[in-house]
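Chain by chain, the residues run as shown.
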Amino acid sequence: MSSAKSIFISYRRRTSIDITGRIYDRLIAHFGENSVFKDVDSIPFGVNFRHHLEQEVSHCPVLLAIIDPNWLGVADDRSRPKLANPADWVRIEIETALKRDRLVIPVLVGGATLPEESDLPEGLKALAYRQSAQVRCDPDFHRDLDRLIHRIEGVFSGLDAGLTALGRERAEALAPEGRSWPNAPTTTAPASLIDELAAALATASQTAAPRMGRRRWLRMMGLGLVGSGSALAIHQRVPALQTLRAGKPNIPDLSTLPQRIQTALEQAEAAILSPDLPSELAASEPEMPELETPELGNSDPGLGAMNSSELYTYESVSVDEFGMGRSQIKFSTPSHQALRLETPIGPVTLRLVAIVGGQFVLGAPASEPGHDPAQPAQTIAAVESFWMSVHPITQGQWRAVAQLPRVNLDLNPNPAYFTGSDRPVEQVSWPEAVEFCDRLNQLAKTYPSVAGLQRYRLPTEAEWEYACRAKTTTPFHTGQTITTELANYNGTQPYRQEPPGQFRGTTTAVGAFGKANDFGLYDMHGNVMEWCSVDRDSAGSAWQVVRGGSWQSPPQDCRSAYRSGLRANTRSNTVGFRIVGVG
């Protein structure tokens, strides 16, 4: 179940199955059968039932806890109270809803009263302070259900208001006012235009002919509506960056908006999903997005750069805790740069993508598998907008820069243990990675008219994690877990419920798996760990931080929040780096 308007009914079969059945019948008559989850018979054999229940409850904004007079006293075969068992299904269901801050309504049936806090286990004590609803037998049953349904409708109305706000946020993203993006022109749209777009987005699902579920609706919300922008399918997340042309946007007639959205939606789905596969996630051969090599901006040798009008196109995926695909999304953004370095053996391109800054939660919660209590506690961090190389620096890019004039250090043009021009460079120390950036900076000063960005450096820890997460809060940007079909790491020991994967024992070509995160960055999990800076002025430190995990790391060491320290002069075939550019 994945509907945004879903109700989870938690009850004891032994003591309240009859009244729960009547409540269920009334709810599905009002909200629809696909909006009410009552039984756990659908849990697949062999899966972790706790994780499955937690996932189902998390999808539902409302949980009804059916409490009968014997609810507290129901015992197991050994005469122990079931609620005292942390693995009890009813306890798992209600605890999960309380932790997720869902609306938990105790529904008192058969004359039951709300339990006292002292009678409840630790994870359920908050239930004692939830406003309850009473459901009596006839002749009061339907009158009590009417009141309960009215209360639930109030919750769903709030969700509709949030969806309208999402439409307005999307409209404002399409026509921002006073927002500064890196190297992107700003366009100011009148408030009436934003309101008109938001209203059209909020009503589109009501006027479109086919009935659409939450998944299709979220995709429709991501379609480009201004000018002739590329249509994008979206699931829960938004593209990294969209740039508007300066001047008055070309707004189509809004009266035909629902029909045009439906047409665009069908075209987007046809482009993303293979017609031979019925599932929502169509498997495809990993394929890197191809971009034309930019031409030199002038006749100066050695450097070329382009703030390209060509779209940078990439795909991201998300998986559930079993490693099964949940969504596959195709993104397009014009906000990328391709820096071309001329070398004796031909040009080498270094691509960067723009990342819009913002606030996020740095670090992992204590409940995240693999969390190390010795790591710093979670904190709110903010980063400014920046550009980041879409891959770890490759051996071909390293060789090109190693031929540039020295700034502070000599660079070995071929330091890598696992050789290949399209593989990440490794066995480079932190000072050598800094020297790479310094040489690019020196070159940018020599040819400022074509360099595009003015300065290159290693990312700070906050920038790296913000870029890796790409607006997600899960352990990986792919979701609750990761698989060796999506990244290069030691997958012999699963992170959650996914099947065991491969251990390749070597690096792979950058982007070889064909799937980026929502910001358009490849290989943020695994392949090579990446040098970072604690801050922008940490050059004097003997120890530096690496992030991201490597080809030999277990999955818990590839999480977005994972960090480790190495001596700055360390050279390892598990450590590389990527760079940040600023204008």
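In this text the structure is predicted, and so the values were computed from the model without any measurement.

Enquirer: Honestly, the side chain of serine 316 in this entry has me stumped. Any pointers?
Expert: Here serine 316 lies in strand E7 (residues 312-319). Serine 316 sits in the buried class, given a relative accessible area of 1%. Here aspartate 518 takes part through its side chain, which lies 2.7 Å from a polar atom of the side chain of serine 316.

Enquirer: Just to check I follow, could you spell out the nonpolar core for this structure?
Expert: As a rule of thumb, nonpolar side chains are buried together in soluble globular proteins. Trp398, Phe436, Leu440, Phe577 and Ile579 are the most contacted members of the largest nonpolar core, which has 34 residues in total. Element by element, the count of residues in this core is highest for helix H9 (residues 430-446), at seven residues. Leave out the neighbours within four places in its chain, and isoleucine 579 touches Leu350, Leu352, Trp387, Met388, Ser389, Ile393, Phe436, Cys437, Leu440, Tyr456 and Arg457. Of all hydrophobic cores here, the second largest spans 25 residues; its members include Phe331, Phe360, Phe386 and Ala470.

Enquirer: What's the story with the environment of threonine 506 in this structure? I'm lost.
Expert: Tracing the chain through its elements places threonine 506 in the loop between helix H11 (461-469) and strand E15 (529-532). Residues threonine 506 and threonine 574, 68 residues apart in the sequence, show an inter-C-alpha distance of 9.1 Å. The contact partners of threonine 506, leaving out residues within four places of it in the chain, are Phe418, Arg423, Asn488 and Trp551.

Enquirer: What exactly am I supposed to notice about the sheet that holds strand E17 (residues 563-567) here?
Expert: The strands making up a sheet associate through hydrogen bonds between their backbones, and the pairing can be parallel or antiparallel. Taken together, four strands build an open sheet; the order of strands is E17-E16-E15-E18 and the sheet is mixed. In the strand order of this sheet, the two ends are held by E17 and strand E18 (575-576), each with one partner. Pairing between E15 and strand E16 (residues 543-547): three bridges, direction antiparallel. Pairing of glutamate 530 across the sheet is with arginine 547, part of E16.

Definitions and limits used
Residues numbered from 1 in each chain as written. Predicted model: local features only at pLDDT ≥ 70, side-chain atom pairs only at ≥ 80, totals over all residues. Heavy atoms only, no water. Helix = DSSP H or I, 4+ residues; strand = E, 2+ residues; numbered from the N terminus. Buried < 20%, exposed > 50% of the residue type's maximum accessible area, 1.4 Å probe, protein only. Polar contact = N/O pair within 3.5 Å; in protein donor to acceptor, adjacent residues only side chain to side chain. Core = buried A, V, L, I, M, F, W, Y, C linked by side-chain atoms within 4.5 Å. Contact = heavy atoms within 4.5 Å. Pairing = 2+ DSSP bridges.

Everything listed here is a matter of coordinates, which is why it stays silent on function.
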